[in-house]
Amino acid sequence: MLAEVDSTNAEAARLAGSLPGPEWICALRQTAGRGRRGRAWANPQGNFSATLLLMPREAPQVVALRSFVSALALYDAFALATGRIEGLALKWPNDVLLNGGKVAGILLESLGPRRGVAHLAIGFGVNLAVAPGAGEVEPGAVPPVSLLSETGVSVAPEAFLDLLAGAYAEHEARFVTYGFAPLREAWLARAARLGEVITARTGTTETVGRFETVDEAGNLILATRAGRQAIAAADVFF
Ligand SMILES: O=C(O)CCCC[C@@H]1SC[C@@H]2NC(=O)N[C@@H]21
């Protein structure tokens, strides 16, 4: 456990190439935590910041499915930490919601080959103790919440790392052995707003439709006025 680092994902990128195998990099404080789509990720004291560095030897579209592996692992870590699943849900592609607020986010970064081996950094940011203010997130985004405020359960980052690493290992083994199908089913069973009308935004497009499913490639499937649309990457708004 590092006391302080700029970003555990940045540290993973620096270490990639010198580590012999997969590794968790965890820090008590980040000075430049980063979120999806170039956003900053606030890191108040007591929250959880970690990156799992992997060296998957697979096609990029298979590697990308780790976002579902990661979200399911977070879901299980929360369930283990609190002893309950009430209020927990997964928001496509990989946020974890608790009582309708965002309690955790995941940032996947492909690092490209280091000494001939492609690396993947999976960054997990969890509001264990403190939620950033609603003003710190994009207008219309799900409001941040913390595990402590929603459940009264206080979990130390070190303890959460143990739970998450164990849960991740289980889901990773299932993914490698059986492929995406069982994870897709598990993810859909925990999905927020399935069957409801949602909005998917990229920097340049906005698609409104009924959230039908997630397909075999992990795409968000929306039933829109113009027909069925498969969306590979976007931010979802409710
Ligand atoms: O935008 C999101 O929802 C993803 C947030 C991911 C934040 C985590 S904190 C640990 C890791 N290091 C970073 O700089 N970002 C990720």
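For the chain, the name recorded in an unreviewed UniProt entry is biotin--[biotin carboxyl-carrier protein] ligase, with Salipiger abyssi as its organism. Word for word, the UniProt comment on the chain under Catalytic activity (unreviewed entry) is "biotin + L-lysyl-[protein] + ATP = N(6)-biotinyl-L-lysyl-[protein] + AMP + diphosphate + H(+)".

**Observations concerning the overall build of the chain**
Helices and strands together make up the secondary structure of the chain, namely 6 helices and 11 strands. For 238 residues, the compact-globule estimate of 2.2 N^0.38 gives 18 Å, and the C-alpha radius of gyration of the chain, at 17 Å, lies within 12% of that figure. Residue burial in the chain is summarised as follows: out of 238 residues, 50% are buried. Accessible area for the chain stands at about 10,800 Å²; split by element, carbon and sulfur atoms hold 53% of it. Placing the 21 positive and 23 negative side-chain charges of the chain at their respective mean positions leaves the two points 5 Å apart.

**As for the side chain of lysine 91**
Here lysine 91 is to be found in strand β3 (residues 88-91). From its side chain, lysine 91 meets the backbone oxygen of valine 236 in a polar contact 2.9 Å long. Look past the residues within four positions of lysine 91 in its chain and what remains in contact with it is Leu97, Val142, Trp187, Val236 and Phe238.

**Brief notes about the side chain of arginine 36**
The residue arginine 36 is located in the loop between β1 (23-27) and β2 (48-54) in this model. At a separation of 3.1 Å, a polar atom in the side chain of arginine 36 contacts the side chain of aspartate 235. Ignoring sequence-local partners within four residues, the contact set of arginine 36 consists of Pro93, Asn94, Ile106, Leu107, Ala234 and Asp235.

Conventions we followed
- Counting starts from 1 at the beginning of each chain's written sequence and moves along it residue by residue.
- Confidence filtering applies because this is a predicted model: local features only for residues at pLDDT of at least 70, side-chain atom pairs given and counted only at 80 or more, and all residues used for totals across whole chains, interfaces and linings.
- Excluded from the side-chain calculations are hydrogens and water; all other atoms, namely the structure's heavy atoms, are used.
- UniProt positions are given in the numbering used here, feature names are shortened, and annotations may be inferred rather than shown by experiment.
- Helix and strand definitions here come from DSSP, where helices need a minimum of 4 consecutive H or I residues and strands a minimum of 2 consecutive E residues; each element is numbered from the N-terminal end.
- With the radius of gyration taken over C-alpha atoms, the globule rule is written as 2.2 Å times the number of residues to the power 0.38.
- The cut-offs for exposure are 20% and 50% of the maximum accessible area for each residue type, with area from a 1.4 Å probe on protein chains only; residues under the lower value are buried, those over the upper are exposed, and the others partly exposed.
- Shrake-Rupley sampling with a 1.4 Å probe provides the accessible areas, and residues are treated as covered by the protein chains on show and by no other component.
- For the purpose of counting charges, residues Lys and Arg are taken to be positive, whereas Asp and Glu are taken to be negative. His and the chain ends are not included.
- One atom stands in for each charge, and that atom is NZ of Lys, CZ of Arg, CG of Asp or CD of Glu.
- Definition of a polar contact: a pair of N or O atoms within 3.5 Å, with one able to donate and the other able to accept a hydrogen when the atoms are protein atoms, and with sequence-neighbouring residues admitted only if both atoms are side-chain atoms.
- In this description, contact between two residues means that some pair of their heavy atoms is separated by no more than 4.5 Å.

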